[in-house]
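One letter stands for each residue in the lines below.
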Amino acid sequence: MRRLRKTPVIRELVREVQLQRSDLIQPLFVEEDLTSDVPVSTMPGQRRLSPSSVVREANTLIEKGVKSVILFGIPRIKDENGSHADAADGVVQRTIRQLKNEFDGELVVMADVCMCQYTSHGHCGIVRDGQIDNDETLKRLASIAVSYAREGVDIVGPSAMIDGQVKTIRQGLDDQGFKETAIMAYAAKHASSFFGPFREAAFSKPEFGDRRTYQMDYSNPDEALREAALDIQEGADIVMVKPALAYLDIIRRVKDRFSMPTAAYNVSGEYSMVKAAAREGWIDEKSAVLEILTGIKRAGADMILTYHAKEAAEWLG
Ligand code: PBG
Ligand code: ZN
């Protein structure tokens with residue numbers, strides 16, 4: 001076997017999986033209130049961006065070869081019903097418009113569709129009698145997706161794990177004439193401890209209980225396949241598995257079973273663990289990140305949402 005490992009060029013010749021910059025999607029936090037960027041303490045290297053600095057950040061990403069971003073908004077005002085999530089002049093809506101005006105054709109603009117950053121209780125839907133009301137929430141999610149489509153978003157990413165969300169959003173988009181807006185479904189999104197740093201970053205920690213009545217139990221891989229099957233039936237263009245690292249088996253099964261464009265979300269906790277170990281000098285960051293991202297791609301992911309995107313693109317460039 002060692003004959004084909006002899007030199008870097010031979011190794012390159014026989015390489016089976018090649019991570020590319022175009023596989024990477026950079027998540028961006030945009031906060032309505034900010035006039036300058038603020039570092040996220042739980043995610044070294046990530047910042048909450050002010051609305052005025054997003055274009056500059058996107059420009060840097062494009063220069064480095066990252067051509068896709070997914071937006072997460074942090075609104076000024078939260079309330080019970082998350083009423084600012086679909087505001088025409090909301091922080092995500094304005095950011096989409098800016099990015100499309102500036103970079104149309106050069107940048108894929110995605111936006112997360114959920115309510116947890118917008119609700120005072122921090123849950124991903126409408127709360128009635130202490131429960132997340134599935135069907136009340138559906139209307140809100142469709143309205144959020146349509147409000148993004150109006151500003152020209154390329155892809156919406158429903159992440160609430162509310163049953164029927166893909167169908168309702170597809171219907172809502174089509175009814176309003178946004179037939180070309182694609183849906184990347186957070187199909188198998190698991191209730192995970194690895195979302196912790198994100199919730200600090202986006203101020204979206206639930207005030208009571210947890211998300212286990214809507215996000216998946218990580219002990220159920222067959223159920224993950226049923227979730228993906230449903231989302232595909234309902235009109236998903238891309239299916240996502242989330243998180244990535246403890247879920248490589250799910251990524252592989254989803255890819256093999258459905259042959260769909262498949263995304264993996266290398267989430268905040270996975271990012272911050274690497275950053276922490278690298279800071280301590282316990283691992284070499286660059287080689288660890290490239291190994292992790294290649295592993296996720298090897299498991300079957302066609303694209304990877306990752307906070308490492310900008311740095312990894314530099315290393316790959
Ligand atoms: C919103 C959302 C979350 C993440 C992506 N979209 C948080 C959550 O579900 O609590 C997590 C991403 C990450 O940890 O990087 N529903
Ligand atoms: Zn949510």
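Before reading further, recall that the structure is shown in the block above.
All values derive from a computational prediction rather than experimental measurement.

**Student:** How should the overall build of the protein be read in this particular structure?
**Tutor:** A count of helices and strands for the protein gives 11 helices and 12 strands. In terms of overall size, the protein behaves like a compact globule, its C-alpha atoms giving a radius of gyration of 19 Å where 317 residues would be expected to give roughly 20 Å. With the C-alpha coordinates aligned to their principal axes, the bounding extent of the protein is approximately 65 × 45 × 40 Å. Looking at the protein as a whole, 56% of its 317 residues qualify as buried. Here the contacts in the protein between residues at least 6 apart in sequence split such that 75% fall between residues at least 24 apart. Counting every atom, the protein has about 14400 Å² of accessible surface; 47% of that belongs to carbon and sulfur. Here the protein contributes 41 positive and 47 negative side-chain charges, whose respective centroids are spaced 7 Å apart.

**Student:** I keep staring at the site of ligand 1 and nothing clicks. Help me out?
**Tutor:** Taken together, the neighbourhood of ligand 1 is formed by 18 residues, with Lys189, Arg199, Lys242, Ser268 and Tyr307 sitting nearest. The separation between an oxygen atom of ligand 1 and a polar side-chain atom of Gln215 is 2.9 Å. The contact in question runs from a nitrogen atom of ligand 1 to an N or O atom on the side chain of Lys242, over 3.4 Å. The fraction of the free accessible surface of ligand 1 (400 Å²) that becomes covered by protein chains is 100%. For the shell around ligand 1, the class distribution of residues is 10 nonpolar, 3 polar and 5 charged.

**Student:** Even after reading the chapter, I still don't get the side chain of Gln26, so can you show me in this structure?
**Tutor:** Looking at where Gln26 falls in the secondary structure, it is placed in strand β1 (residues 24-31). The class of Gln26 is buried, set by a relative accessible area of 3%. A polar atom in the side chain of Gln26 sits 3.3 Å from the side chain of Gln46. Only 3.1 Å separates the side chain of Gln26 from the backbone nitrogen of Lys310, close enough to count as a polar contact. In this view, Gln26 contacts Gln46, Leu61, Val66, Ser68, Val69, Ile70, Thr306, Tyr307, Ala309 and Lys310; residues no more than four positions away in its chain are not counted.

**Student:** In this structure, what is going on with helix α4 (residues 134-150)? I would like to understand it.
**Tutor:** Spanning 17 residues, α4 covers 25 Å between terminal C-alpha atoms, matching the ideal 24 Å at 1.5 Å per step. Every buried residue of α4 is listed here: Thr137, Leu138, Arg140, Leu141, Ala142, Ile144, Ala145, Val146, Ser147, Tyr148 and Ala149. Its buried side turned inward, α4 meets α3 (91-103), β5 (108-113), β7 (131-132), β8 (155-158) and α5 (165-175). N-cap assignment for α4: the residue whose side-chain oxygen lies 3.2 Å from the backbone N of Asp135 is Asp133. The first or second residue beyond α4 is Gly152, which carries a positive phi of 100°.

**Student:** Help me out: how do you make sense of unusual backbone geometry in this one?
**Tutor:** One can expect most non-glycine residues to show negative phi and most peptide bonds to be in trans. The residue after Lys242, namely Pro243, is reached through a cis peptide bond having omega -15°. In this fold, Pro243 is placed in the loop between β10 (238-242) and α8 (248-258). With phi around 50°, Phe203 is a residue other than glycine that occupies positive phi space. Looking at the element boundaries, Phe203 is found in the loop between α6 (196-202) and α7 (221-234). Notably, Ser259 is not glycine yet its phi reads approximately 50°, a positive angle. With respect to the helices, strands and loops of the structure, Ser259 is situated in the loop between α8 and β11 (262-266). Take Ser259: its relative accessible area is 57%, and that puts it in the exposed class.

**Student:** Would you mind going over the environment of Phe72 with me for this structure?
**Tutor:** Summarising the element assignment, Phe72 is placed in strand β4 (residues 68-74). By relative accessible area, Phe72 is classed as buried at 3%. With 181 residues separating them in the primary sequence, Phe72 and Arg253 have C-alpha atoms 28 Å apart.

**Student:** Explain the coordination of the zinc ion (ligand 2) to me, please; I cannot follow it from the model alone.
**Tutor:** Any two of four tetrahedral donors ideally make an angle of 109.5 degrees at the metal, while pairs among six octahedral donors ideally make 90 or 180 degrees. Of the protein atoms, only Cys114 (SG), Cys116 (SG) and Cys124 (SG) coordinate the zinc ion (ligand 2), at distances of 2.2 to 2.3 Å. For the zinc ion (ligand 2), the 4 donor atoms in the first shell make angles of 99 to 121° at the metal, so the coordination geometry reads as tetrahedral. All donor residues of the zinc ion (ligand 2) come from one chain, and their arrangement in sequence is C-x1-C-x7-C. Of the two residues, Cys114 sits in the loop between β5 and β6 (127-128) while Cys124 sits in the loop between β5 and β6, which places them 10 residues apart along the sequence. Here Cys114 and Cys124 have matching classes, each one buried.

**Student:** Would you explain the packing of aromatic side chains in this entry?
**Tutor:** We describe a pair of aromatic rings using the distance from one ring centre to the other and the angle between the two ring planes. All chains considered together, the criterion is met by 7 aromatic pairs. With a centroid separation of 6.1 Å and 10° between ring planes, the pair formed by Phe29 and Tyr307 is classed as stacked. Highlighted residues: Phe29 in strand β1 and Tyr307 in the loop between β12 (303-306) and α11 (309-316), separated in sequence by 278 residues. The exposure classification of Phe29 matches that of Tyr307, with both residues buried. Ring centres 6.1 Å apart and planes at 40° place the aromatic pair Tyr265 and Tyr307 in the tilted group. With Tyr265 in strand β11 and Tyr307 in the loop between β12 and α11, the pair connects residues that are 42 residues apart, well separated along the chain. Both residues of the pair, Tyr265 and Tyr307, belong to the buried class. The rings of Phe29, Phe72, Tyr186, Phe198, Tyr265, Tyr271 and Tyr307 are connected pair by pair, giving a single aromatic cluster.

What counts and what doesn't
- Residues numbered from 1 in each chain as written.
- Chains lettered and ligands numbered in written order.
- Predicted model: local features only at pLDDT ≥ 70, side-chain atom pairs only at ≥ 80, totals over all residues.
- Heavy atoms only, no water.
- Helix = DSSP H or I, 4+ residues; strand = E, 2+ residues; numbered from the N terminus.
- Rg over C-alpha atoms; globule rule 2.2 N^0.38 Å.
- Buried < 20%, exposed > 50% of the residue type's maximum accessible area, 1.4 Å probe, protein only.
- Contact = heavy atoms within 4.5 Å.
- Areas by Shrake-Rupley, 256 points an atom, 1.4 Å probe, with all protein chains shown as cover.
- Lys, Arg positive; Asp, Glu negative; His and termini not counted.
- Charge placed at Lys NZ, Arg CZ, Asp CG, Glu CD.
- Near = heavy atom within 4 Å.
- Polar contact = N/O pair within 3.5 Å; in protein donor to acceptor, adjacent residues only side chain to side chain.
- Nonpolar A, V, L, I, M, F, W, Y, C, P; charged D, E, K, R; others polar.
- Expected span 1.5 Å × (residues − 1).
- Donors = N, O, S within 2.8 Å, 3.2 Å for Na, K, Ca; no water.
- Tetrahedral: all angles 85-135°; square planar, octahedral: opposite > 155°, others 65-115°.
- Phe/Tyr/Trp six-rings, centres within 6.5 Å; stacked < 30°, edge-to-face > 60°.

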